[in-house]
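An overview of the molecular structure
Letter by letter, the chains look like this.
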Amino acid sequence: MTQTSSGQAEIGVIGGSGFYAFLDDVTEVTVDTPYGPPSDSLFLGEVAGRTVAFLPRHGRKHHLPPHRINYRANLWALRSLGVTQVLGPCAVGGLREEYGPGTLLIPDQVVDRTKARTQTYYDGEALPNGQVPNVVHVAFADPYCPVGRRTAVRAARSSGWEAVDGGALVVIEGPRFSTRAESLWHAAQGWSVVGMTGHPEAILARELGLCYTSLTLVTDLDAGAEHGDGVSQEEVFKVFADNVARLRNVLFDVVGELPRASERDCLCAHALDGLDTGLDPA
Ligand SMILES: [Zn+2]
């Protein structure tokens with residue numbers, strides 16, 4: 001195992017190998033956490049003069065379904081390398097006809113429809129290292145980093161991709177896709193896109209005081225928003241593959257434009273102010 005330490009990466013990207021595979025110089029590091037191992041090794045590289053840690057959310061062989069991802073380990077591992085800002089690209093279904101395949105939407109809200117995922121560090125349970133986190137309640141009215149969101153929208157638009165600024169991402173448990181009735185219900189609530197991994201990534205990042213920005217790529221219209229046979233995995237993978245290069249370019253532009261850790265003054269940076277968490281993520 002490569003020795004790891006805080007200060008190795010400023011920015012984390014939780015996405016597939018498509019986002020770093022072409023970098024010349026990537027260092028693979030294995031990180032263990034009090035919550036068990038993350039989805040895979042972390043891959044350290046440099047993008048636009050910034051140090052970045054890439055983590056394949058589903059593992060490099062895509063062997064982890066959304067409900068079996070160790071989200072706590074993933075965010076903790078990034079934090080332990082010194083990451084303060086996280087970018088979370090993911091594939092989603094569009095809940096409105098105008099959000100067809102190839103749409104990039106930067107959500108400003110999330111709706112949790114998952115059922116069996118651990119979504120807090122602050123549960124009062126002792127960790128193997130002896131630390132006992134307190135039971136605290138972290139504000140989550142605005143789940144995404146406003147600075148990260150702004151940066152993502154600007155970077156996409158200046159590359160010629162007219163990103164949708166805002167909307168609610170509803171996260172379902174999966175791994176199955178929605179039924180037509182569920183999909184129609186989600187759309188009727190006014191929610192914009194539906195995915196399986198956006199939660200609890202954002203809240204766990206917030207609980208560690210990290211900035212988190214979700215970049216959702218629409219790969220299909222969800223069951224109730226189209227008139228065909230419903231979503232298929234083949235269709236989703238194809239649209240994602242078709243768009244991964246330009247999504248990667250946008251992500252790398254965002255990386256270059258995010259503020260330095262010492263300049264962070266967003267609500268995420270202050271999420272733990274005044275709270276006694278009992279936890280030292282260092
Ligand atoms: Zn922030």
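Throughout, a residue's number is its position along its own chain's written sequence, starting from 1. Owing to the predicted nature of the model, reporting of local features is limited to residues with pLDDT of at least 70; listing and counting of side-chain atom pairs is limited to 80 or more, with chain, interface and lining totals taken over all residues.

Note the following rule: UniProt positions are given in the numbering used here, feature names are shortened, and annotations may be inferred rather than shown by experiment.
If you check an unreviewed UniProt entry, the protein appears there as Purine nucleoside phosphorylase from Streptantibioticus ferralitis. For the protein, the Catalytic activity (unreviewed entry) comment in UniProt is given as "a purine D-ribonucleoside + phosphate = a purine nucleobase + alpha-D-ribose 1-phosphate".

1. Thoughts on the overall build of the protein
For clarity, the threshold we go by: Strands are runs of DSSP state E lasting at least two residues, helices are runs of H or I lasting at least four, and both sets are numbered from the N terminus onward. The globule rule used here is 2.2 Å times the number of residues to the 0.38 power, and the radius of gyration it is set against is calculated over C-alpha atoms. Between the buried cut of 20 or more and the exposed cut of 12 or fewer other C-beta atoms within 10 Å of a residue's own C-beta lies the partly exposed class, and all C-beta atoms are placed from the backbone. Any residue pair is listed as a contact if its two C-beta atoms, each placed from the backbone, are within 7 Å.
A count of helical and extended segments in the protein gives 5 helices and 11 strands. The globule rule puts the C-alpha radius of gyration for 282 residues at 19 Å, and the 18 Å found for the protein is close to it. If you line up the protein on its principal axes, its C-alpha atoms span 55 × 40 × 35 Å. The proportion of buried residues among the 282 residues of the protein is 45%. Sequence-distant contacts, at least 24 apart, represent 81% of the contacts inside the protein between residues at least 6 apart.

2. So, unusual backbone geometry
The residue after Gly 174, namely Pro 175, is reached through a cis peptide bond having omega 0°. Following the sequence through the fold, Pro 175 ends up in the loop between strand 9 (168–172) and helix 3 (180–188). His 199 connects to Pro 200 through a cis peptide bond whose omega is 10°. In this structure, Pro 200 sits in helix 4 (residues 198–207). The residue Ala 48 is not glycine, and still its phi comes out positive at about 50°. By the secondary structure assignment, Ala 48 is in the loop between strand 3 (42–47) and strand 4 (50–55). For Ala 48, a count of 13 C-beta atoms within 10 Å puts it in the partly exposed group. The phi dihedral of His 62 is positive, around 55°, even though this residue is not glycine.

3. Looking at helix 3
Filter applied, for reference: Throughout, the arc means the angular range of directions from the helix axis out to the C-beta atoms.
Along helix 3, the residues classified as buried are Ser 183, His 186 and Ala 187. Along the long axis of helix 3, the arc covered by the buried residues comes to 95°, so they all point the same way. Facing away from the buried side of helix 3, by more than 90 degrees, are the exposed residues Ala 181 and Ala 188. Its buried side turned inward, helix 3 meets strand 9 and strand 10 (193–195). Immediately downstream of helix 3, the backbone of Gly 190 shows phi near 90°, a positive value.

4. Details of the UniProt feature "site: Important for substrate specificity" (unreviewed entry) in the protein
Here the UniProt-annotated "site: Important for substrate specificity" (unreviewed entry) positions come out as Ser 178 and Gln 233. On the basis of their most widely separated C-alpha atoms, the annotated residues across 56 residues gather in one place, lying no more than 12.5 Å apart. Structurally, the position occupied by Ser 178 is in the loop between strand 9 and helix 3. Note on Ser 178: 22 C-beta atoms within 10 Å, which makes it buried. Relative to the helices and strands, Gln 233 resides in helix 5 (residues 233–257).

5. A word on the environment of Thr 33
Checked against the element boundaries, Thr 33 lands in the loop between strand 2 (27–29) and strand 3. When the 21 C-beta atoms within 10 Å are taken as the criterion, Thr 33 is described as buried. For the pair Thr 33 and Leu 75, spaced 42 residues apart in the sequence, the C-alpha separation amounts to 9.7 Å. If sequence neighbours within four positions are ignored, Thr 33 has contacts with Pro 38, Ala 73, Trp 76, Ala 77 and Ser 80.

6. Some remarks on helix 2 (residues 146–158)
In plain terms, the rule: Given the number of residues in a helix, its expected span is that number minus one, multiplied by 1.5 Å.
Between its terminal C-alpha atoms helix 2 stretches 18 Å, which fits the 18 Å expected from 13 residues at 1.5 Å a residue. Every buried residue belonging to helix 2 is among Val 147, Gly 148, Arg 149, Thr 151, Ala 152, Val 153, Ala 155 and Ala 156, and all of these are buried. Tucked inside the fold, the buried residues of helix 2 contact strand 5 (85–94), strand 6 (104–106), strand 8 (164–165), strand 11 (211–221) and helix 5. Backbone geometry just downstream of helix 2 places Gly 160 in the positive-phi region, at approximately 95°.

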